[in-house]
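# Summary of the model geometry
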Amino acid sequence: MRKTSKSLREIISSGGMARVMAAHDPLSARLVEEAGFDAIWASGFEISAAMGLADVSLVSMTQHLDNMRRMADRSSLPIVADVDTGYGNAVNVIFTVKQFEAAGASAVVIEDKAFPKVTSLIAGGRQDLLPISENQGKIEAAVSARQDPDFLVIARVEALIAGRGEAEALERAHAYEAAGADMILIHSKEKTPDEIESFIHGWTGSVPIVIVPTAYPQMTEARAKSLKKVRMLIYGNHAIRAAVTGMQKVFAQIIADGGIETVNDEIVPVSEIFRLQDMDMVKQIETQFLR
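Quick look at the structure, then. Keep in mind that this is a model prediction, so the values were computed, not measured.

So, about the environment of Gly 165. Its location among the elements puts Gly 165 in the loop between β5 (152-157) and α7 (166-178). Residue Gly 165 is classed as partly exposed on the basis of its relative accessible area of 28%. C-alpha separation for the pair Gly 165 and Glu 195, spaced 30 residues apart in sequence, amounts to 9.3 Å. Those residues in contact with Gly 165, other than ones at most four positions away along the chain, are Ala 159 and Leu 160.

On the surface, Val 270, Phe 274, Met 279 and Val 282 cluster together into a nonpolar patch covering about 320 Å² of accessible area. As for its placement among the helices and strands, Val 282 is situated in helix α12 (residues 279-289).

We now examine unusual backbone geometry. At the junction of Phe 115 and Pro 116, the peptide bond is cis and its omega measures out at 0° in the coordinates. With respect to the helices and strands, Pro 116 occurs in the loop between β4 (107-111) and α6 (132-145). Despite not being glycine, Asp 84 shows a phi value in the positive range, around 55°. Along the polypeptide, Asp 84 turns up in the loop between β3 (79-82) and α5 (90-103).

Once that is clear, we can look at the environment of Tyr 87. Locating Tyr 87 in the fold gives a position in the loop between β3 and α5. Given a relative accessible area of 14%, Tyr 87 falls into the buried group. If we ignore the near neighbours within four places in the chain, the residues touching Tyr 87 are Val 59, Ser 60, Met 61, His 64, Asp 82, Asn 92, Thr 96, Phe 100 and Phe 115. Looking at Tyr 87, its side chain comes within polar contact range of the side chain of His 64, at 3.0 Å.

Another aspect to go through is the packing of aromatic side chains. Throughout the structure, instances matching the rule amount to two aromatic pairs. Ring centres of Phe 37 and Tyr 235 lie 6.0 Å apart, and the angle between their planes is 70°; on these two criteria the pair is classed as edge-to-face. Highlighted residues: Phe 37 in the loop between α2 (26-35) and β2 (39-42) and Tyr 235 in strand β8 (residues 230-235), separated in sequence by 198 residues.

The rules behind these values
Sequence order as written defines residue numbering, which begins from 1 separately in each chain. Two thresholds apply to this predicted model, a pLDDT of at least 70 for residue-level local features and 80 or more for giving and counting side-chain atom pairs, whereas whole-chain, interface and lining totals are computed over all residues. With hydrogens and water excluded, all non-hydrogen atoms of the structure serve as input to the side-chain values. Where helices and strands are cited, they refer to DSSP runs of H or I of at least four residues and of E of at least two residues respectively, numbered from the N terminus. When a residue's accessible area, from a 1.4 Å probe over protein chains only, is under 20% of the maximum for its type it is buried; when over 50% it is exposed; and in between it is partly exposed. Residue contacts are defined here by distance: any two heavy atoms, one from each residue, within 4.5 Å place the two residues in contact. Residues enter patches when they are more than 30% accessible in relative terms and free of salt bridges; like-charged ones are connected within 9 Å and nonpolar ones (Val, Leu, Ile, Met, Phe, Trp, Tyr) within 5 Å. To measure how exposed things are, a 1.4 Å probe is used in the Shrake-Rupley method; for residues, cover is taken only from the protein chains shown. By definition, a salt bridge exists where a carboxyl oxygen of Asp or Glu is found within 4 Å of a side-chain nitrogen of Lys or Arg. Between N or O atoms, a polar contact is any pair within 3.5 Å; within protein, one atom must be a potential hydrogen donor and the other a potential acceptor, and residues adjacent in sequence are included only when both atoms are from side chains. Side-chain rings of Phe, Tyr and Trp, where Trp is taken by its six-membered ring, are said to pair if the distance between their centres is within 6.5 Å; with planes under 30 degrees apart they count as stacked, over 60 as edge-to-face, and otherwise as tilted.

Nothing here speaks to function; it is geometry throughout.
As structure tokens, this is what we get:
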């Protein structure tokens, strides 16, 4: 496994809570690191959106893998790879885990939906879940496939998203822990943290919890830490949303002004892009080696 500045397992085992920010390409991955986050969420939703596609299993495993490999090349942070359903059954999961670990991921998140999936937060979306025993087998397969014991297999429970209730969510979480999952990601689309907090209070397993507070932004890091069981907080789609916000604002201003004179001072200078592209290193190499 690719060596990072600090492993996710080290952060989690020490009692800390890893702050993980979404990214969709190498540039956003570098910005995540510069901002001071603990890890990068190689988000399937963000990668799909950046390609102009719906998050419904249209992006292939190879496309996601290639993108994540480029992120790993531009950042020293651990990467949590969002591999959706593992791209198929247990056979596909084994191949997926081996490939993502070899490409530099520090963890994979595998959800218990049927393939092809539908993104979780869309209103009225189809949310079909696998039988518990079938997904248990996929988690067991993922654990068996990893080469580095520090590589994390995170089981994502979608029972609350599918409207199945807390009892089934807890049943699934315990089954996935028994299958060897290192962490349980519990997801919700409720607009307040109540449903998630109730699940966490009811969780009696020994592995820690991961949450993604996209729908319930009142869940601050301090509030998550106070629950005692949360060891990873993922900001799941804020990079692509920030990028769209910025582009929409600037593009509209240019159209309104009939030029770039106003916005020129409101966006980063070209020199900042050069810095992120490591152009100083390029000039140094050219000076040293080009004859």
